[in-house]
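What follows is each chain in one-letter form.
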2 protein chains.
Amino acid sequence: MGATTGIKDVARLAGVSVGTVSNVLNHPERVAEATRLRVRQAIAELGFVRNDSARQLRAGNSRQIAIVVLDVTNPFFTDVVRGAEMAAEDHGVLVVVCNSSESVDRERRHLDVLEEQRVRGVLITPVDDAHTSRLELLIARGTPVVLVDRGSGWPSRCSVAVDDVFGGRLAAEHLIARGHRRVAFVGGPMSIQQVIDRHRGFSAALGKTARLITVDTPNLTVTSGRVAAGQLAELPAQQRPTAVFCANDLLALGVLQGLTHRGLRVPEDVAIVGYDDIEFAAAAAVPLSSVRQPREQLGRTATELLLDEIQANGDHQHRHVLFQPELVVRASTEKVP
Amino acid sequence: MGATTGIKDVARLAGVSVGTVSNVLNHPERVAEATRLRVRQAIAELGFVRNDSARQLRAGNSRQIAIVVLDVTNPFFTDVVRGAEMAAEDHGVLVVVCNSSESVDRERRHLDVLEEQRVRGVLITPVDDAHTSRLELLIARGTPVVLVDRGSGWPSRCSVAVDDVFGGRLAAEHLIARGHRRVAFVGGPMSIQQVIDRHRGFSAALGKTARLITVDTPNLTVTSGRVAAGQLAELPAQQRPTAVFCANDLLALGVLQGLTHRGLRVPEDVAIVGYDDIEFAAAAAVPLSSVRQPREQLGRTATELLLDEIQANGDHQHRHVLFQPELVVRASTEKVP
DNA sequence: GGGTGCTTGTGAAACGTTTCATCGTCTCGC
DNA sequence: GCGAGACGATGAAACGTTTCACAAGCACCC
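Just so it is clear, the model here is predicted, and its values are computed rather than measured. (Residues numbered from 1 in each chain as written. Chains lettered and ligands numbered in written order. Predicted model: local features only at pLDDT ≥ 70, side-chain atom pairs only at ≥ 80, totals over all residues. Heavy atoms only, no water.)

**Student:** Sorry if this is basic, but what is going on with the overall build of chain A here?
**Tutor:** Along chain A, the regular secondary structure elements total 12 helices and 12 strands. Against the 2.2 N^0.38 benchmark of 20 Å for 337 residues, chain A shows a C-alpha radius of gyration of 27 Å, more extended than a compact globule. Taken along the three principal axes of its C-alpha coordinates, chain A extends 90 × 40 × 35 Å. Put simply, chain A has 337 residues, and 52% of those count as buried. (Helix = DSSP H or I, 4+ residues; strand = E, 2+ residues; numbered from the N terminus. Rg over C-alpha atoms; globule rule 2.2 N^0.38 Å. Buried < 20%, exposed > 50% of the residue type's maximum accessible area, 1.4 Å probe, protein only.)

Encoded structure:
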């Protein structure tokens with residue numbers, strides 16, 4: 001314990017110099033086979049484990065990248081993380097996962113530590129577009145950064161995001177094709193860019209073909225969905241929408257519960273389309289149609305952009321990758337025979 | 001970038017020695033206020049960021065612990081992670097999250113890297129009780145390890161887990177109190193210790209009071225739940241159980257769907273109790289009664305045990321903490337008026 | 001037999017901190 | 001006016017690696 005065995009001990013036991021041991025570790029081809037074997041044997045015998053701090057100190061940088069997410073318990077982000085991990089693994093790079101828990105302060109502290117660790121790069125969904133000075137400092141000092149799900153406002157960085165306007169359009173086209181002419185949008189608050197975009201795409205694609213009622217919600221939770229369902233159910237049948245598009249799946253689940261509770265059938269009386277395609281969309285009492293985002297792909301691509309920027313020393317073109325979501329159709333919009 | 005500013009540059013600008021700068025960083029009270037301010041000013045001016053590798057190299061150990069989980073996308077583990085993070089934060093320690101994805105090989109690689117990083121300790125749910133040699137090596141070389149949700153078989157380590165036998169009992173007592181005398185257990189495969197324990201506790205608490213039908217499932221998914229519901233629904237009404245206890249919430253959601261689909265009402269015809277109390281248990285079409293595990297508490301306690309072992313140099317008593325789950329009662333077992 | 005080139009191995013100099021023994025300077029009490 | 005402390009600051013020695021200029025040995029060719 002106390003006296004950790006170092007490269008020196010290995011060298012002594014194998015009867016070579018420390019430089020040779022280091023070469024066995026990092027450039028085995030420079031060492032004659034016999035020597036290499038002898039050193040390997042000594043390493044095994046002593047249970048030597050390389051001290052990464054010393055290596056990093058000498059090398060000047062680490063072999064890890066970090067991903068800072070808003071919420072580790074959110075399925076969206078865990079999938080993004082998994083995608084990032086897979087891509088990083090392919091390149092022999094390690095991913096450190098940090099959780100800002102939507103707190104500006106915690107985000108700042110994480111960036112402090114990451115910079116002390118000299119991580120090679122950072123993937124991040126910033127908590128707040130207004131408090132980014134710490135992040136800008138990191139960038140200014142030379143750490144590559146890729147923005148995840150926050151395309152706008154950072155033209156000078158790489159970013160990956162999903163096209164929410166298009167997602168809204170997908171939902172609208174699907175409902176129109178199913179013959180709906182009175183539809184509702186449930187979502188909010190309208191300060192969230194994602195909600196705005198989904199609403200915009202939805203509304204634009206409806207055009208004059210269908211009438212749109214917008215129900216603004218205070219947040220994106222199941223409870224808000226239930227409340228919204230109440231408002232819709234109270235309308236006289238002739239004015240009541242025959243389909244609802246929700247800004248995320250939690251709302252959709254709430255709307256489903258609320259409507260069912262009031263005796264309206266899904267999809268016969270009211271069809272529902274959600275957003276995100278979380279695992280439980282398929283497992284709901286009436287499986288939900290939903291707009292699916294390529295979450296893993298998001299993480300994977302972000303990582304590849306980052307690694308590219310790290311490797312291409314200097315001459316790197318920043319890119320903004322926008323993914324197209326897809327609609328997954330299930331029972332909540334498809335009348336079962 | 002290339003020429004990173006170090007403690008030396010700060011010292012020069014502030015007109016002091018490097019030792020003094022280091023003291024400002026680590027033992028501010030040893031430095032006179034005027035000097036301290038001057039140094040701080042220089043640090044800010046140069047944008048100096050301490051190099052953690054060098055610090056660690058000198059100090060001999062890091063200030064981070066690691067948690068190795070089976071699956072980052074599983075809500076159970078993300079909550080455990082959050083608990084660990086919270087506890088660690090209180091002690092100024094950092095948590096590195098590693099994802100073994102239930103792969104023995106990936107677990108081994110993670111442990112390799114963590115040992116090179118000289119983490120202070122490791123929280124881990126081992127992938128496989130049969131392939132633990134890498135972990136034992138880590139322990140043998142002196143890194144403290146606490147086992148999470150894997151109590152048995154490691155008497156010589158600290159561990160935290162939840163009492164699954166008691167959880168089964170809770171479900172049984174609740175159903176008996178509600179007057180059920182024909183009940184079913186849905187879960188499997190019976191090779192999983194957790195499933196065995198839940199079944200055992202459930203069965204034992206029923207005793208002779210109620211008749212038990214056990215439906216063995218191939219796994220713990222929503223689909224399996226639906227299939228199981230089909231089997232139950234086919235029974236003639238006099239033999240059909242009036243309540244079902246499922247080994248986890250996914251199964252329970254599947255059973256709920258399956259029963260509803262076949263025209264049986266929950267809870268009027270059949271009551272359901274799930275296990276885990278995942279977020280969607282409350283959001284289901286019929287909100288599910290469920291046995292809740294203190295997931296965050298699990299992570300928090302594991303971290304505290306680990307930190308205790310780290311601090312108490314040598315004289316540390318290994319402990320095995322077993323948490324008691326609690327029953328959350330919702331509409332799926334409570335006839336709504 | 002001397003020059004050339006290749007393969008292996010060497011050993012010391014970094015890398016940027018922290019620590020620690022030491023030294024100067026002040027203050028205070030007598 | 002002197003010794004005892006307290007207080008601040010110093011600078012060199014670690015920490016364990018990687019790198020790099022160089023040397024030793026050997027084979028080969030003219």
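**Student:** Looking at this structure, I do not really get the protein's contact with DNA strand D. What am I missing?
**Tutor:** Inspection of the region around DNA strand D gives 21 residues, with Ile7 and Arg58 of chain A together with Ser17, Thr20 and Thr35 of chain B positioned closest. Near-protein atoms of DNA strand D (within 4 Å) split between backbone and bases, with sugar and phosphate holding 67%. Separating a phosphate oxygen of DNA strand D from a side-chain N or O atom of Arg50 of chain A is a distance of 3.4 Å. Within the backbone of Ser17 of chain B, a nitrogen or oxygen atom sits 2.7 Å from a phosphate oxygen of DNA strand D. Every element with two or more residues in the surface near DNA strand D is listed here: helix H2 (18-26) and helix H4 (52-59) of chain A together with helix H2 (18-26) and helix H4 (52-59) of chain B. Among the elements that line the surface near DNA strand D, the one with the most residues is H2 of chain A, at three residues. The class makeup of the residues in the surface near DNA strand D is seven nonpolar, 11 polar and three charged. (Near = heavy atom within 4 Å. Polar contact = N/O pair within 3.5 Å; in protein donor to acceptor, adjacent residues only side chain to side chain. Nonpolar A, V, L, I, M, F, W, Y, C, P; charged D, E, K, R; others polar.)

**Student:** For this particular structure, what's the right way to read the packing of aromatic side chains?
**Tutor:** The description of an aromatic ring pair rests on the distance of the ring centres and on the angle between the ring planes. The final tally for this structure, using the stated rule, is 11 aromatic pairs over all chains. Seen from their ring centres, Phe280 of chain A and Phe280 of chain B are 4.1 Å apart, and the 25° between their planes marks the pair as stacked. With one member in each of two chains, Phe280 of chain A in the loop between strand S9 (271-276) and strand S10 (289-292) and Phe280 of chain B in helix H12 (residues 279-283) form a pair that bridges those chains. For the residue pair Phe280 of chain A and Phe280 of chain B, the accessibility class agrees, reading buried in each case. Ring geometry for Phe76 of chain B and Phe77 of chain B: centres 5.2 Å apart, planes at 85°, overall edge-to-face. (Phe/Tyr/Trp six-rings, centres within 6.5 Å; stacked < 30°, edge-to-face > 60°.)

**Student:** What is the right way to look at the packing of helix H8 (residues 164-177) of chain B against helix H9 (residues 193-206) of chain B in this model?
**Tutor:** In helix packing, the relevant descriptors are the interaxial angle and the interaxial distance, both defined with respect to the helix axes. Residues and elements named next belong to chain B. Relative orientation of the contacting elements H8 and H9 amounts to 40°, with a least axis distance of 6 Å. In terms of orientation, H8 and H9 fall into the oblique class. The crossing of H8 and H9 is right-handed. From H8, Asp164, Val165, Gly168, Arg169, Ala171, Ala172, Leu175 and Ile176 reach across to H9, where they touch Gln194, Asp197, Arg198, Arg200, Gly201, Phe202, Ala205 and Leu206. (Axes fitted to C-alpha atoms, helices over the stretch in contact; angles between N-to-C directions. Parallel < 35°, antiparallel > 145°, perpendicular 65-115°, else oblique. Left-handed = near helix turned anticlockwise from the far one by under 90°. Contact = heavy atoms within 4.5 Å.)

**Student:** Looking at this model, I keep getting lost on the side chain of Gln194 of chain A. Mind explaining?
**Tutor:** You can see Gln194 of chain A is positioned in helix H9 (residues 193-206). With residues near it in sequence (within four places) discarded, Gln194 of chain A still touches Asp149, Arg150 and Asp164 of chain A.

**Student:** It is not clear to me how the sheet that holds strand S4 (residues 145-148) of chain B should be interpreted in this structure. Could you clarify?
**Tutor:** Strand pairing within a sheet occurs via backbone hydrogen bonds; the two strands may be parallel or antiparallel. Residue and element names in this part refer to chain B. One open sheet holds the six strands; their spatial order is S2-S1-S3-S4-S5-S11, and the pairing between them is parallel. Two strands bound the open sheet, and with one partner strand each, they are strand S2 (94-99) and strand S11 (320-323). For this sheet, the mean angle separating the axes of adjacent strands, direction not counted, is 15°. Two strands pair when backbone bridges link them, and strand S1 (residues 64-69) and strand S3 (residues 121-124) are joined in this way by four bridges, in the parallel orientation. Along S3, the bridge assignment pairs Val68 with Ile124. (Pairing = 2+ DSSP bridges.)

**Student:** What exactly am I supposed to notice about the pattern of salt bridges here?
**Tutor:** When the charged atoms of two side chains with opposite charge come close together, those side chains can pair. All chains considered together, the criterion is met by 52 salt bridges over all chains. Among the ionic pairs, Arg292 of chain A bridges to Glu326 of chain A, the shortest N-O distance being 3.9 Å. On the criterion of sequence distance, the pair formed by Arg292 of chain A in strand S10 and Glu326 of chain A in strand S12 (residues 326-328) is long-range, its members being 34 residues apart. Looking at Arg292 of chain A, the relative accessible area reads 31%, which means it is partly exposed. When its relative accessible area of 44% is taken as the criterion, Glu326 of chain A is described as partly exposed. A salt bridge links Glu173 of chain B to Arg169 of chain B, with the nearest nitrogen and oxygen atoms 3.7 Å apart. Placement of both Glu173 of chain B and Arg169 of chain B in helix H8 is noted, with a separation of four residues, approximately one turn of the helix. With a relative accessible area of 40%, Glu173 of chain B lands in the partly exposed category. Sharing partners across several salt bridges, the network here consists of Glu89 of chain A together with Asp105, Arg106, Arg108, Arg109, Asp112, Glu115, Arg134 and Arg141 of chain B. (Salt bridge = Lys/Arg side-chain N within 4 Å of Asp/Glu carboxyl O.)

**Student:** Which parts of the structure should I look at to understand the domain arrangement of chain A?
**Tutor:** Frequently, the measure chosen for interface size is the accessible area removed from exposure when the parts meet. By domain assignment, chain A separates into domain 1 (2-50), domain 2 (61-162 + 295-324) and domain 3 (164-293). Here the C-alpha centre of domain 3 of chain A lies 64 Å away from the C-alpha centre of domain 1 of chain A. (Domains from an automatic or database assignment.)

**Student:** Please clarify how the nonpolar core should be interpreted in this entry.
**Tutor:** When a protein is soluble and globular, its nonpolar side chains tend to lie buried together. One finds Val186, Phe202 and Ile272 of chain A together with Phe202 and Ile272 of chain B to be the most contacted residues of the largest nonpolar core, which totals 89 residues. Ranked by residues supplied to this core, first place goes to helix H11 (residues 249-261) of chain B with seven residues. Look past the residues within four positions of Ile272 of chain A in its chain and what remains in contact with it is Val244, Cys246, Ala252, Val255, Leu256, Leu259, Val266, Leu288, Ser289, Ser332 and Thr333 of chain A. One finds Leu298, Leu306 and Leu307 of chain A together with Leu306 of chain B within the second-largest nonpolar core, a separate group that totals 57 residues. (Core = buried A, V, L, I, M, F, W, Y, C linked by side-chain atoms within 4.5 Å.)

**Student:** In this structure, what is going on with the relation of the copies chain B and chain A? I would like to understand it.
**Tutor:** In summary, the two copies of the chain are related to each other by a rotation about an axis coupled with a shift along it. With an axial shift of 0.2 Å and an RMSD of 0.5 Å, the rotation relating chain B to chain A amounts to 179°. With respect to symmetry, the two chain copies, as superposed, fit the operation of a two-fold axis. Judged by C-alpha distance, Ser53 of chain B is the residue of chain B that lies nearest the rotation axis, at 2.3 Å. (Least-squares fit on C-alpha atoms with pLDDT ≥ 70 in both.)

**Student:** How do you make sense of unusual backbone geometry when you look at a structure like this?
**Tutor:** Comment: phi is negative for the bulk of residues other than glycine, and the bulk of peptide bonds are trans. The step from Gly188 of chain A to Pro189 of chain A runs through a cis peptide bond, and the omega angle for that step is -5°. Note on placement: Pro189 of chain A falls in the loop between strand S6 (182-187) and H9. Cis geometry marks the peptide bond from Val266 of chain B to Pro267 of chain B, where omega comes out at 5°. Tracing the backbone shows Pro267 of chain B in the loop between H11 and strand S9 (271-276). For Arg118 of chain A, which is not glycine, the phi dihedral falls at a positive 60°.

**Student:** Please explain the interface of chain B and chain A as it appears in this structure.
**Tutor:** Facing 42 residues of chain B, the contacting portion of chain A comprises 42 residues. Approximately 4,000 Å² of surface area, both sides summed, lies buried where chain B meets chain A, with 53% of it carried by carbon and sulfur atoms. Along the contact surface separating chain B from chain A lie eight salt bridges. With a closest N to O distance of 2.9 Å, Arg106 of chain A and Glu89 of chain B form a salt bridge. Applying the counting rule to chain B against chain A returns 18 residue pairs in polar contact (both at pLDDT 80 or more). When contributions to the side of chain B that touches chain A are tallied by element, the ones reaching two or more residues are H4, helix H5 (75-90), S2, helix H6 (104-116), helix H10 (222-234), H11 and H12 of chain B. Of the residues assigned to the side of chain B that touches chain A, the class counts are 17 nonpolar, 11 polar and 14 charged. (Buried area = accessible area lost by both parts, 1.4 Å probe.)

**Student:** Whenever I open this one, the packing of H10 of chain B against H11 of chain B confuses me. Can you help?
**Tutor:** All names here are of chain B. Where H10 meets H11, the axes come as close as 6 Å, and the angle between the chain directions of the two elements is 45°. One way to sum up the angle between H10 and H11 is to call them oblique. H11 is crossed by H10, and the crossing has right-handed handedness. Residues Val222, Ser224, Gly225, Arg226 and Ala229 of H10 form the contact with H11, whose participating residues are Leu250, Leu251, Gly254, Val255, Gln257, Gly258 and Leu259. Along the lines of polarity and charge, the residues of the contact of H10 with H11 split into six nonpolar, five polar and one charged.

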